[in-house]
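Structure assessment
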Amino acid sequence: MKSFLMIGLASMLSLAACARERPLKSPDGKIEVGFRIAAGGTPVYDIRLNGRQAIRESRLGIVRRDADFTRNLAMDRDARQERIHNERIRDEYEVLTAKRRHNTYVANKRVYHLKLPDGKRMDILFQVSNDGVAFRYHFPEASGEVKQIIKEGTSFQMLEGTTAFLQPMQESGSGWEKSNPAYEEFYVEEIPVGTQSTLKAGWVLPALFHEGDRWLLISETGLGRGYCGSKLAHESPGGEYFIELADKR
């Protein structure tokens with residue numbers, strides 16, 4: 001599984017493509033996520049805040065060594081009745097070292113069931129709270145084999161005019177005692193989206209973006225022991241940032 005949390009969405013405040021699914025909204029109705037299967041069977045999503053796009057239509061998917069879940073996908077009609085529509089999620093927890101000790105998380109959840117022509121399945125789970133969007137990939141089929149993920153198709157397409165506050169990823173094995181990446185580079189501030197990483201090894205997560213009077217933070221969370229921490233790719237053509245797995249070194 002892999003999940004991404006987009007927080008700070010606050011106002012300062014081949015297969016035929018299918019229609020856009022009914023948007024999933026936050027409990028207060030201000031944030032909404034649209035989802036559809038685009039031409040070629042690619043799953044895509046977009047995010048709106050107060051009716052205006054915050055993330056343009058971007059790509060989703062995972063490539064396993066045995067299957068490519070970034071294309072040729074279709075909605076799994078056999079599992080459609082299992083789809084969860086606006087299930088309300090509520091969680092309360094404590095963080096002893098944070099600014100706020102007692103926390104309450106409330107979100108609406110939906111699961112999209114997808115499958116390849118050969119029947120292999122992948123689910124995409126979305127949760128939308130009043131301050132952000134989280135999504136996760138899930139493979140529902142049981143298998144005794146080890147399944148290796150070799151690439152992600154996840155992207156974040158920024159609006160034109162957006163600027164970024166990003167830390168360049170250091171080249172693996174470089175620096176003192178070949179200890180990099182040490183995550184100690186200075187952030188570059190207010191750079192236009194699409195600017196290539198100065199060290200050509202990508203950008204560190206979390207990543208902060210600024211558009212008009214809105215701020216957007218992209219991060220990752222909920223990683224298990226079997227998954228690596230990732231980064232944003234070195235190149236982001238047209239302001240589309242792709243998730244890239246850790247350097248194999």
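The following paragraphs examine the structure supplied in this document. Treat the numbers as computed from the prediction; the structure is a model and nothing was measured.

What follows is about the pattern of salt bridges. What the rule picks out here adds up to 17 salt bridges. Where Arg 36 meets Glu 57, a salt bridge forms, and the shortest distance between an N and an O atom there is 2.9 Å. Here Glu 57 lies in strand β5 (residues 52–59) and Arg 36 lies in strand β3 (residues 31–38), a separation of 21 residues in the sequence. Taking relative accessible area as the criterion, Arg 36 reaches 22% and is therefore assigned partly exposed. Within the structure, one salt-bridge network assembled from shared partners comprises Arg 64, Asp 66, Glu 145 and Lys 147.

As for its position among the elements, Tyr 183 is in the loop between β15 (163–166) and β16 (188–192). Assessed through its relative accessible area of 48%, Tyr 183 is described here as partly exposed. Taking the C-alpha atoms as reference points, Tyr 183 and Gln 170, separated by 13 residues in sequence, lie 7.1 Å from one another. Setting aside chain neighbours within four positions, we find Tyr 183 in contact with Gln 167, Met 169, Gln 170 and Val 204.

Phe 126 and Phe 209 are the most contacted members of the largest nonpolar core, which has 44 residues in total. Apart from the residues within four sequence positions on either side, Phe 126 is in contact with Leu 24, Val 33, Phe 35, Tyr 45, Leu 60, Asn 108, Lys 109, Arg 110, Tyr 112, Val 133, Ala 134 and Phe 135.

On to the pairing of strand β20 (residues 240–244), then. The buried fraction of β20 is high, at 4 of 5 residues. Both strand β14 (residues 155–157) and β20 contribute to a ladder of 3 bridges, which runs antiparallel. The residue of β20 that forms the bridge with Ser 155 is Phe 242. Here 2 bridges tie strand β19 (residues 231–232) to β20, and the two strands are oriented antiparallel to one another. When the sheet's bridge partners are listed, Lys 231 is paired in β20 with Glu 244.

The strands making up a sheet associate through hydrogen bonds between their backbones, and the pairing can be parallel or antiparallel. Reading across from one edge, β7-β6-β13 is the order of the 3 strands in this open sheet, with antiparallel pairing throughout. Two strands close off the open sheet at either side, each with one partner strand: β7 (67–68) and β13 (149–152). The pairing of strand β6 (residues 62–64) with β13 spans 3 bridges and is antiparallel. Residue pairing in the sheet places Val 63 in a bridge with Lys 151 of β13.

For the coordinates displayed, the defined rule picks out 11 aromatic pairs. Residues Phe 35 and Tyr 112 carry aromatic rings whose centres are separated by 4.1 Å and whose planes lie at 20 degrees to one another, so their mutual orientation is stacked. With Phe 35 in strand β3 and Tyr 112 in strand β10 (residues 102–115), this residue pair connects regions lying 77 residues apart in the sequence. With centroids separated by 6.2 Å and ring planes inclined at 80 degrees, the aromatic side chains of Tyr 112 and Phe 126 adopt a geometry described as edge-to-face. Residue Tyr 112 is located in strand β10, and its partner Phe 126 is located in strand β11 (residues 121–129); the two are separated by 14 residues in the primary sequence. Since its relative accessible area comes to 2%, Tyr 112 is described here as buried.

Another point: the pairing of β15. Side chains Thr 163 and Phe 165 of β15 all project onto a buried face; the interleaved residues Ala 164 and Leu 166 project onto the opposite face, where all are buried too. The pairing of β15 with β16 spans 3 bridges and is classified as antiparallel. Bridge pairing links Ala 164 to Ile 191 in β16. The pairing of β15 with strand β17 (residues 207–211) spans 3 bridges and is antiparallel. Its bridge partner being in β17, Ala 164 is matched across the sheet by Phe 209.

The rules we used
Residues numbered from 1 in each chain as written. Predicted model: local features only at pLDDT ≥ 70, side-chain atom pairs only at ≥ 80, totals over all residues. Heavy atoms only, no water. Salt bridge = Lys/Arg side-chain N within 4 Å of Asp/Glu carboxyl O. Helix = DSSP H or I, 4+ residues; strand = E, 2+ residues; numbered from the N terminus. Buried < 20%, exposed > 50% of the residue type's maximum accessible area, 1.4 Å probe, protein only. Contact = heavy atoms within 4.5 Å. Core = buried A, V, L, I, M, F, W, Y, C linked by side-chain atoms within 4.5 Å. Pairing = 2+ DSSP bridges. Phe/Tyr/Trp six-rings, centres within 6.5 Å; stacked < 30°, edge-to-face > 60°.

The values are spatial; any link to function lies outside them.
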